[in-house]
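# Observations on the model geometry
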Amino acid sequence: MSVNRTQLVAQIAEKANLTKVQADAALAAFQDTLIESLSEGEPVKVTGLFSVERVSRAARTGRNPQTGEKIQIPAGYGVKISAGSTLKKAVSNK
């Protein structure tokens, strides 16, 4: 079972002694900051938890899965997320 945004906001509010409105605003600010930084090519690192960075993808040839026809996929960007040591320890002990 996954935790959705509403549940995450509720848990943050409880653990940080905030209202749900304040916790939601903090989560929205974190999301906006992450998106702005990555769009400018700046990596975001939360020590022990994770790091996120924008990566370049080269142009390549692919295939249309329905027709098998070759198609050109243009160069672009993707996102690489790496787990930090605290996060890795948390999931390896379960």
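How each quantity is defined
- The written sequence of each chain sets the order in which its residues are numbered from 1.
- Local features in this predicted model are restricted to residues of pLDDT 70 or higher, and side-chain atom pairs are both shown and tallied only at a pLDDT of 80 or more, whereas totals for entire chains, interfaces and linings draw on every residue.
- Hydrogens and waters are ignored; side-chain quantities use all the structure's heavy atoms.
- Note on geometry: axes are C-alpha line fits, over the in-contact stretch for helices, and angles between N-to-C directions span 0 to 180 degrees.
- What counts as a helix is a DSSP run of H or I of at least four residues, what counts as a strand is a run of E of at least two, and both are numbered from the N terminus.
- Roughly parallel means an angle under 35 degrees; roughly antiparallel means over 145; roughly perpendicular covers 65 to 115; every other angle is labelled oblique.
- Should the near helix be turned anticlockwise from the far one by less than a right angle, the crossing is left-handed, and should it be turned clockwise, the crossing is right-handed.
- Throughout, a residue-residue contact means that at least one pair of heavy atoms, one from each residue, lies within 4.5 Å.
- Working definition: with a 1.4 Å probe on protein chains only, accessible area under 20% of the residue-type maximum means buried, over 50% means exposed, and in between means partly exposed.
- Two strands make a pair as long as DSSP finds a minimum of two bridges between them.
- A side-chain nitrogen of Lys or Arg and a carboxyl oxygen of Asp or Glu constitute a salt bridge if their distance falls within 4 Å.
- Given the number of residues in a helix, its expected span is that number minus one, multiplied by 1.5 Å.
- Starting at the helix axis, one direction is taken to each C-beta atom, and the arc is that of these directions.

### Here's the deal with the packing of helix α1 (residues 5–15) against helix α2 (residues 20–39)
Direction vectors running N to C along α1 and α2 enclose 115 degrees, while the axes themselves pass 8 Å from each other. Between α1 and α2, the angle is such that the two are roughly perpendicular. When you trace α1 past α2, the crossing you get is right-handed. The residues of α2 that touch α1, namely those facing R5, L8, V9, A10, I12 and A13, are K20, A23, D24, L27, A28 and Q31.

### A word on the side chain of S37
The topology assignment puts S37 in helix α2. Accessibility expressed as a relative area gives 14% for S37, which makes it buried. The residues contacting S37, other than those within four sequence positions of it, are E42 and V44.

### Points about unusual backbone geometry
Unlike most non-glycine residues, N17 shows phi in positive territory, near 55 degrees. Mapped onto the fold, N17 is located in the loop between α1 and α2. Look at N17 and you get exposed, because its relative accessible area is 72%.

### Digging into the pairing of strand β3 (residues 60–63)
The two faces of a sheet get side chains in turn, since along a regular strand they alternate between them. By the bridge criterion, 4 bridges tie β3 to strand β4 (residues 70–73) in an arrangement that is antiparallel. Residue pairing across strands places R63 opposite K70, the latter belonging to β4.

### Digging into the pattern of salt bridges
All told, the structure shown has 1 salt bridge when counted by the stated rule. Close ionic contact of D24 with R5 constitutes a salt bridge, the shortest N to O distance being 3.1 Å. With D24 in helix α2 and R5 in helix α1, the pair connects residues that are 19 residues apart, well separated along the chain. Using a relative accessible area of 31% as the deciding quantity, one classes D24 as partly exposed.

### Let's talk about α2
Counted at 1.5 Å a residue, the expected span for α2 with its 20 residues is 28 Å, and the 28 Å between its end C-alpha atoms agrees. Those residues of α2 not exposed but buried are A23, L27, L34, S37 and L38. For α2, the angular spread of buried residues about the axis comes to 100 degrees, placing them on one side. Facing away from the buried side of α2 by over 90 degrees, the exposed positions are V21 and S39.

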